Amino acid sequence: MPKRKVAALEKVEADLVSLQYKIRRDPRSYAQEFYDQWLAYDAQRQIFISSPTTASSDDVKKFHDLVDMVAHVANLYPEITAPFPDHLKELLNQHHAVLDKELREKVVGSLVLLRRKEGIDSTSLLTTLFPILITTPSKTLRNQLYTKIISDLRESNSKSTNHKLNRTIQTVLHNLVTSDRTSSKGMWACRITRELWRRQIWTDARPCDVMKEAALSDNEKVVIGGVRFFLGGDKEREELDDDDSDEDVDLKKFKHQGIINKKTKKRQKEYEKAVQKVKRQERKKQTPQNLNFSALHLLHDPQGFAEKLFQKHLQNTKNKFSLDTKLLILQLVTRLVGLHKLTIISLYSWFIKYLTPKQTNVTSFLASLAQATHNLVPPDVIEPLIVKIANEFVSEASAAEVASAGINSIREVALRQPLCMNETLLQDLVEYQRSKDKGTSMAAKGLQSLYREVYPELLQKKYRGKAATMGLRSGEVKLRKFGEEEEGGIEGLALLAKYKEEQKKKKLEEEAEEGKEKKDEDGSEDEDDFNSDEWEVGSTDSESSDGWISVSSAGDDDEPVKKKARTDGDDEEIPDLVDLAAEKAAEIERLQKLATTTILTPADLAKMHELVRDAKIEKAMGPQSMSKRRKELIDKHIEDGVTADDIELPAMLGKKATKEERAERAKEGKPGRDEHKSTQAIKRSKKEAEGKSSTNKEKARKKNFLMTIGKARAKNKRSLTETKKRLTAHIARSKSGGRRRNGVSI
């Protein structure tokens, strides 16, 4: 076979690869050879610096290989290669737009390699790559630079948080957004910040300041990036955390497979991987979890931010953003108002022109209005909006979906500020529970149930219900005034105080019983002696005795007796409100004293957590009051926000589902399968997938019939003595774990 001729470039490449291998093994012996290649690299570099477009393909290939070789062994000759990083930065900054694609990728890769070998620091690398990222027209180079920047920041913060580097990059991103608010370059600041927030590399307030400036930009794309960060960045972080969590590994399953199956290297490696996975999970459980605050909670000035967003992007008539973008901004503004309980009075008057059924995406506007309502918003500001919704959406001429959406949106607003409703309008809306449409009827009943709990005086007596009527009579149902907040405190402190009182009473009762038993024992010894305690001595003064009742003539006392009886009856029906208020004040004072004067021991804290847990379990199992449901709904919407689906829910529930929708609903939660299988077949396939063996009965069913004839004939020919022996042996084997004696511990 003739020898193949090797081209000159292939020889050079082979020589460079072999030289790189030799230099790594013995740097001192090949110092001169490396210096020769360094001179060749420097000559080629000067050519590319002067005129990169005139270089031939052979020169590009040769320079590519020289850069690769020098980058891999630069750490072995630090004195010679000291200017090498600056050379690459200069070449990339000046000619990144005209350089060959492969050569450009190699220069970027060489800089990253020098960073890994600690030839340069992360700040130097990132400040070099970032200006090229926002200026280069090449899409492939932008993707490469973006990937390298994210990976370098991840590695720099892997062992511990690199605060200095993070502050430097965050300052660069902040300046990029604020330097030119009309440019779309701020999109890269949004992408990098959102990705690092999602990966929980940046979790402080500085990234939120960067995205805050992005949301106040003049470029629509940058604004969308900043707004979406506040609306969905936390959910992305939670989803990524759930995806990264490893599934539980069953080591018993791997051990069992190793016993019953043939031992191979592959199975041994799988078992070792499973062991490492379990150890990793244990280490992850022991490491302390970081507190990840929501981006909306880390804003420095939410009131100022919400006002600027509203005035610049929504209230400004010169703004030319699309309706979808304005809806996103409106969702962010209303989330801020509802979460931080801000006050922007002009926001509610701005809503009026959009509250019509013909408005595009009107349910999103209704959801935003409900989201922007809280108990500190003046009811006079909300009432015109409620009247507008009732007039536009709720009427007999309106469609069923429109009426149900209107009533449900009014309920969502009233859930947060019940004082916004007047009596006439509420009676009109509650009457819609008699509607033939199921969605409208459900929405009206929901509004009625809400006001039974929070403000039953507005409802007619026939709509109040038993619980609300009794609460009004007893004084338990009390209308909360505008601006009044619930009383806070330590969770479970009241339960702990109640538990301690019960224990104290129980101890006193036990001591009293012990004393009584002891007294009875002492008295039984002197049964025949005189005991003066057994005799009752009455007072000789009948006027001072409490046991005597002075009875006067019937005629004189008829009226007073009747009046007294009527007064007693009223006292039984209506408890004294002053006493109730005094009891409540005494309870608050007792809890304050317990919280301020008592030091809770670790045992007290453990007991308090146990009582809180038991109370939550009891609440989940028992009937739930409307006030608790109302608080849970408000808390849920504060964290997740009100969506258009929440407004449309009654109409969706009232609408009759089609056959296809019912079929899809029936398939939800069931394993997808192409062909019909019985339950036993599904269990069997699942068992096989888990690597478990079948039972002897299942194996006997699959056995060939001709192989079982002999055993069947022998069974029929057995005598009673042989049958007894076989059964006795079978029982003995079963007790000892079968033929393999699996039940016997060795």
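Residues numbered from 1 in each chain as written. Predicted model: local features only at pLDDT ≥ 70, side-chain atom pairs only at ≥ 80, totals over all residues. Heavy atoms only, no water.

Caption draft 1: Looking closely at the overall build of the chain. Broken down by element type, the chain carries 33 helices and zero strands. When contacts within the chain are restricted to residue pairs at least 6 apart in sequence, those whose partners lie at least 24 apart make up 71%. Taken as a whole, the chain presents about 49700 Å² of accessible surface, with 51% of it coming from carbon and sulfur. (Helix = DSSP H or I, 4+ residues; strand = E, 2+ residues; numbered from the N terminus. Contact = heavy atoms within 4.5 Å. Areas by Shrake-Rupley, 256 points an atom, 1.4 Å probe, with all protein chains shown as cover.)

Caption draft 2: Representation of the packing of aromatic side chains within the structure. Under the defined criterion, the tally for this structure stands at 14 aromatic pairs. With 5.5 Å between their ring centres and 65° between their planes, Tyr41 and Phe84 make a pair best called edge-to-face. You can see Tyr41 sitting in helix α2 (residues 31-50) and its partner Phe84 sitting in helix α4 (residues 84-95), a full 43 residues away along the chain. Each member of the pair Tyr41 and Phe84 is classed as buried. Linked through ring pairs, Trp38, Tyr41, Phe48, Phe63 and Phe84 together constitute an aromatic cluster. Sitting above the plane of the Tyr146 ring, Arg191 keeps its charged end 4.3 Å from the centroid. (Phe/Tyr/Trp six-rings, centres within 6.5 Å; stacked < 30°, edge-to-face > 60°. Buried < 20%, exposed > 50% of the residue type's maximum accessible area, 1.4 Å probe, protein only. Lys NZ or Arg CZ within 6 Å of the ring centre and 35° of its normal.)

Caption draft 3: Local environment of helix α30 (residues 679-689). Burial analysis of α30 places just zero of its eleven residues in the buried class, a small minority of the element. Phi for Gly691, located one or two positions after α30, is positive at around 85°.

Caption draft 4: Region of interest: the nonpolar core. Counting residues in each nonpolar core, the largest one holds 136 residues, and the members touching the most others are Phe84, Ile192, Phe230, Phe305, Leu347, Met421 and Tyr451. Among the elements that take part in this core, helix α15 (residues 323-340) stands out by supplying nine residues, more than any other. Inspection of this core shows a minimum of three residues originating in each of domain 1 (1-120) and domain 2 (301-480). Setting aside chain neighbours within four positions, we find Tyr451 in contact with Ala414, Pro418, Met421, Leu426, Pro456, Leu458 and Leu459. (Core = buried A, V, L, I, M, F, W, Y, C linked by side-chain atoms within 4.5 Å. Domains from an automatic or database assignment.)

Caption draft 5: Region of the structure containing the environment of Ala189. Along the polypeptide, Ala189 turns up in helix α9 (residues 186-198). C-alpha of Ala189 to C-alpha of Pro207: the two residues are 18 residues apart in sequence and 9.8 Å apart in space. Setting aside chain neighbours within four positions, we find Ala189 in contact with Leu173, Leu176 and Val177.

Caption draft 6: Quick look at helix α22 (residues 461-474). The end-to-end C-alpha distance of α22 is 16 Å, clearly below the 20 Å that 14 residues give at a rise of 1.5 Å each. Where α22 bends most, at Ala467, the angle is about 80°. Inspection of α22 places Tyr463, Arg464, Ala468, Gly471 and Ser474 among the buried residues, and these make up the whole buried set. Following α22 by one or two positions, Gly475 has its phi on the positive side, about 85°. (Expected span 1.5 Å × (residues − 1). Bend = angle between axes of the 7 residues up to and from the residue.)

Caption draft 7: Main features of the packing of helix α5 (residues 101-116) against helix α7 (residues 139-156). For the pair α5 and α7, interaxial distance at closest approach is 11 Å and the crossing angle is 5°. For the element pair α5 / α7, the angle class is roughly parallel. Contacts between α5 and α7 pair Lys101, Arg104, Glu105, Val108, Gly109, Val112, Arg115 and Arg116 from the former with Thr140, Leu141, Gln144, Leu145, Lys148, Asp152, Glu155 and Ser156 from the latter. Partitioning the contact of α5 with α7 into residue classes produces four nonpolar, four polar and eight charged. (Axes fitted to C-alpha atoms, helices over the stretch in contact; angles between N-to-C directions. Parallel < 35°, antiparallel > 145°, perpendicular 65-115°, else oblique. Nonpolar A, V, L, I, M, F, W, Y, C, P; charged D, E, K, R; others polar.)

Caption draft 8: Fine view of the confidence of the model for the chain. When pLDDT is averaged across the chain, the result is 79; 76% of the residues are at 70 or more. For the stretch residues 1-13, pLDDT sits under 50, and the model shows five contacts to residues farther than four places along the chain or on other chains. Low pLDDT, under 50, characterises residues 527-577; the predicted model gives this stretch nine contacts beyond four residues in sequence or across chains. (pLDDT = per-residue confidence, 0-100.)

Caption draft 9: Summary view of a negative patch on the surface. A cluster of acidic residues, Glu509, Glu510, Glu511, Glu513, Glu514 and Glu517, forms a negative patch at the surface. With respect to the helices, strands and loops of the structure, Glu514 is situated in helix α23 (residues 493-525). (Patch = residues over 30% accessible without salt bridge, like charges linked within 9 Å, V, L, I, M, F, W, Y side chains within 5 Å. Salt bridge = Lys/Arg side-chain N within 4 Å of Asp/Glu carboxyl O. Lys, Arg positive; Asp, Glu negative; His and termini not counted. Charge placed at Lys NZ, Arg CZ, Asp CG, Glu CD.)

Caption draft 10: Molecular detail of the packing of α5 against helix α6 (residues 122-135). Put simply, α5 and α6 touch, their axes get as near as 9 Å, and they point 160° apart. One element, α5, and the other, α6, form an angle in the roughly antiparallel class. α6 is crossed by α5, and the crossing has left-handed handedness. Judged by residue contacts, Val108, Leu111, Val112 and Arg115 of α5 engage Ser122, Leu125 and Leu129 from α6. Split by residue class, the contact of α5 with α6 holds five nonpolar, one polar and one charged. (Left-handed = near helix turned anticlockwise from the far one by under 90°.)

Caption draft 11: A look at the pattern of salt bridges. In total, this model carries twelve salt bridges according to the counting rule given. Between Lys312 and Asp218 there is a salt bridge whose closest N-O contact spans 3.1 Å. With Lys312 in helix α14 (residues 302-314) and Asp218 in the loop between α10 (206-215) and α11 (220-244), this residue pair connects regions lying 94 residues apart in the sequence. With relative accessibility at 28%, the residue Lys312 sits in the partly exposed group. The closest approach of N and O atoms between Glu431 and Arg434, which form a salt bridge, is 3.6 Å. Within this structure, Glu195, Arg198 and Arg199 form a network of salt bridges that share partners.

Caption draft 12: The arrangement of the side chain of Thr440 in detail. In this fold, Thr440 is placed in helix α21 (residues 438-454). According to the relative accessible area criterion, Thr440 is buried, its value standing at 3%. Apart from residues lying up to four places away in sequence, Thr440 is in contact with Ala400, Ala403, Ser404, Ile407, Tyr432 and Ser435.

Caption draft 13: Structural view of the environment of Gly186. Within the fold, Gly186 resides in helix α9. Here the alpha-carbon distance between Gly186 and Glu213, two residues 27 residues apart in the chain, equals 9.7 Å. For Gly186, the residues in contact, after removing those within four places along its chain, are Val177 and Val222.

Caption draft 14: Representation of unusual backbone geometry. Positive phi values are uncommon outside glycine, yet Glu118 reaches one of about 60°. Note on Glu118: relative accessible area 69%, which makes it exposed. Positive phi, close to 55°, is recorded for Asn361, a residue that is not glycine. With respect to the helices and strands, Asn361 occurs in the loop between α16 (345-351) and α17 (362-371).

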